[in-house]
Amino acid sequence: MTRNYISAPLLACALWALTACDAHVDDDTLGSIATADEIAANLEVHGITEGSNKIVLKNNNHGIGGMWDYLVGLSNAPCDTVLIPFLGEQTITFYATCGSGYVVVEKKVQIDVIDYPLAEYWTWLCGTEPEGKRWTWDPNPGRGSWGPYGAGGYGWSADVPNWSCTGYGDAYWGGDGPTIDDNEWITFDLNGGANATLHKADGTEIKGSFAIVKGTSADKAALAPSFRNGEPTGEGWWGTLTLTDVTPPAGYLYYYGTASSGSYDIAVFSTEEMVLIEPDPGAILCDPAWASCSTHWCLIPKD
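Residues numbered from 1 in each chain as written. Predicted model: local features only at pLDDT ≥ 70, side-chain atom pairs only at ≥ 80, totals over all residues. Heavy atoms only, no water.

A. The environment of P249, seen in detail. Position of P249 relative to the elements: it lies in the loop between strand 16 (239-244) and strand 17 (263-269). C-alpha of P249 to C-alpha of W135: the two residues are 114 residues apart in sequence and 9.5 Å apart in space. If we skip the residues at most four places from it in the chain, P249 touches W137, E184, W185, I186, L198 and W297. (Helix = DSSP H or I, 4+ residues; strand = E, 2+ residues; numbered from the N terminus. Contact = heavy atoms within 4.5 Å.)

B. Spatial organisation of the confidence of the model for the protein. Mean pLDDT over the protein stands at 88; residues scoring 70 or higher make up 87%. Low pLDDT, under 50, characterises residues 1-10; the predicted model gives this stretch 37 contacts beyond four residues in sequence or across chains. Counted against residues more than four places away or in other chains, residues 15-32, with its pLDDT under 50, gives 40 contacts. (pLDDT = per-residue confidence, 0-100.)

C. Inspection of the side chain of S270 at higher detail. Tracing the backbone through its elements, the reader meets S270 in the loop between strand 17 and strand 18 (274-279). At 3.1 Å, the side chain of S270 and the backbone nitrogen of E272 are in polar contact. (Polar contact = N/O pair within 3.5 Å; in protein donor to acceptor, adjacent residues only side chain to side chain.)

D. Local environment of the side chain of S260. By the secondary structure assignment, S260 is in the loop between strand 16 and strand 17. Of the polar contacts made by the side chain of S260, one reaches the backbone nitrogen of G262; its length is 3.2 Å. At 2.6 Å, the side chain of S260 and the side chain of Y264 are in polar contact. Setting aside residues up to four positions removed in sequence, S260 forms contacts with T247, G251, Y252, E278 and W297.

E. Representation of the packing of aromatic side chains. What the rule picks out here adds up to 17 aromatic pairs. For the ring pair W238 and F269, a centre distance of 4.9 Å and an interplane angle of 80° mean the geometry is edge-to-face. Of the two residues, W238 sits in the loop between helix 4 (218-221) and strand 16 while F269 sits in strand 17, which places them 31 residues apart along the sequence. Relative accessible area serves as the criterion here: at 2%, F269 is assigned to the buried category. Through a chain of ring-to-ring contacts, the aromatic side chains of W137, Y149, Y172, Y254, Y255, Y264 and W297 assemble into a single cluster. In this structure, R134 is placed above the aromatic ring of W185, and the distance from its NZ or CZ to the ring centre is 5.3 Å. (Phe/Tyr/Trp six-rings, centres within 6.5 Å; stacked < 30°, edge-to-face > 60°. Buried < 20%, exposed > 50% of the residue type's maximum accessible area, 1.4 Å probe, protein only. Lys NZ or Arg CZ within 6 Å of the ring centre and 35° of its normal.)

F. Seen up close, the pairing of strand 5 (residues 66-69). Where strand 5 and strand 8 (residues 88-98) come together, 4 bridges link them in antiparallel fashion. In the sheet register, W68 faces strand 8, and the bridge partner there is F94. Sheet analysis places strand 5 next to strand 6 (residues 74-75), joined by 2 bridges and oriented antiparallel. Following the sheet pairing, W68 is matched in strand 6 by S75. Hairpin connection between strand 5 and strand 6: a loop of 4 residues separates the two successive antiparallel strands, and L71 in this loop has a positive phi of roughly 80°. (Pairing = 2+ DSSP bridges.)

G. Spotlight on the pairing of strand 15 (residues 205-214). The sheet contact formed by strand 14 (residues 195-199) and strand 15 spans 5 bridges and is antiparallel. Within strand 15, the residue paired with H199 across the bridge is E205. Taking the residues between adjacent antiparallel strands as the criterion, strand 14 and strand 15 are bridged by 5 residues, where G203 takes a positive phi near 95°. Direction of pairing for strand 15 relative to strand 16: antiparallel, over a ladder of 6 bridges. Each residue of the ladder has a partner; that of A211, found in strand 16, is T242.

Structure, rendered in structure tokens:
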């Protein structure tokens, strides 16, 4: 899977051919009006075994087609089996089609265990337990950097910050800001959704959500980042991470001092490390004038 959520434009396009109707379906093949409740009664949504994240979707309604929105994908198959990465009670939406439009029907399903693994990067980011996986500062990012948080040339600095850095244990913002240490971290989990929680050094928590996409543009994929042991990743920048209502520790652009936008290039990613990069406003990738900067966050799992 390559995304967490179905975007509004994609869903709108998928429903473009359907016009809205009242909260019932007038299906000529049935010769009667089918309500949303009646349609729902003939939809099956359940784990392949109880509590499994492998979900069976089946439409048993005669003469009524439709489309499933199963949170991380769409399907118009009458019967399908899909994988969902979120724990807890989830809502699957079925858009039932009729002669005059569609009606929205929701079905609940309980997911208690991720017993059918998704793409491995889900567990890289979130681990395998309901409490998720904690990511904190890398005390020794190497690769020419003397700190886990700082600035580089957007694209020229393909992994760590090597133009300006704040070292592990030091305060940023010229010594006036918080300290770079493991008293702050961000947790990613799939307990009921794609959750991200920033744990601040003063004990407060800021909760939000995330979306992760593997794959990027050709020019970013052509860059040459390395892992923290110095070995090339061999795949260019990995993808993108979007955070909503939350940021990583030190959620500010390094030179600007303004709040992070929440949109990051994932330059390096594995089960043991993650390097996030956000360009300054208007930055040009591999700017020929070497005038475009980016902020870099070097993170590792917190024990």
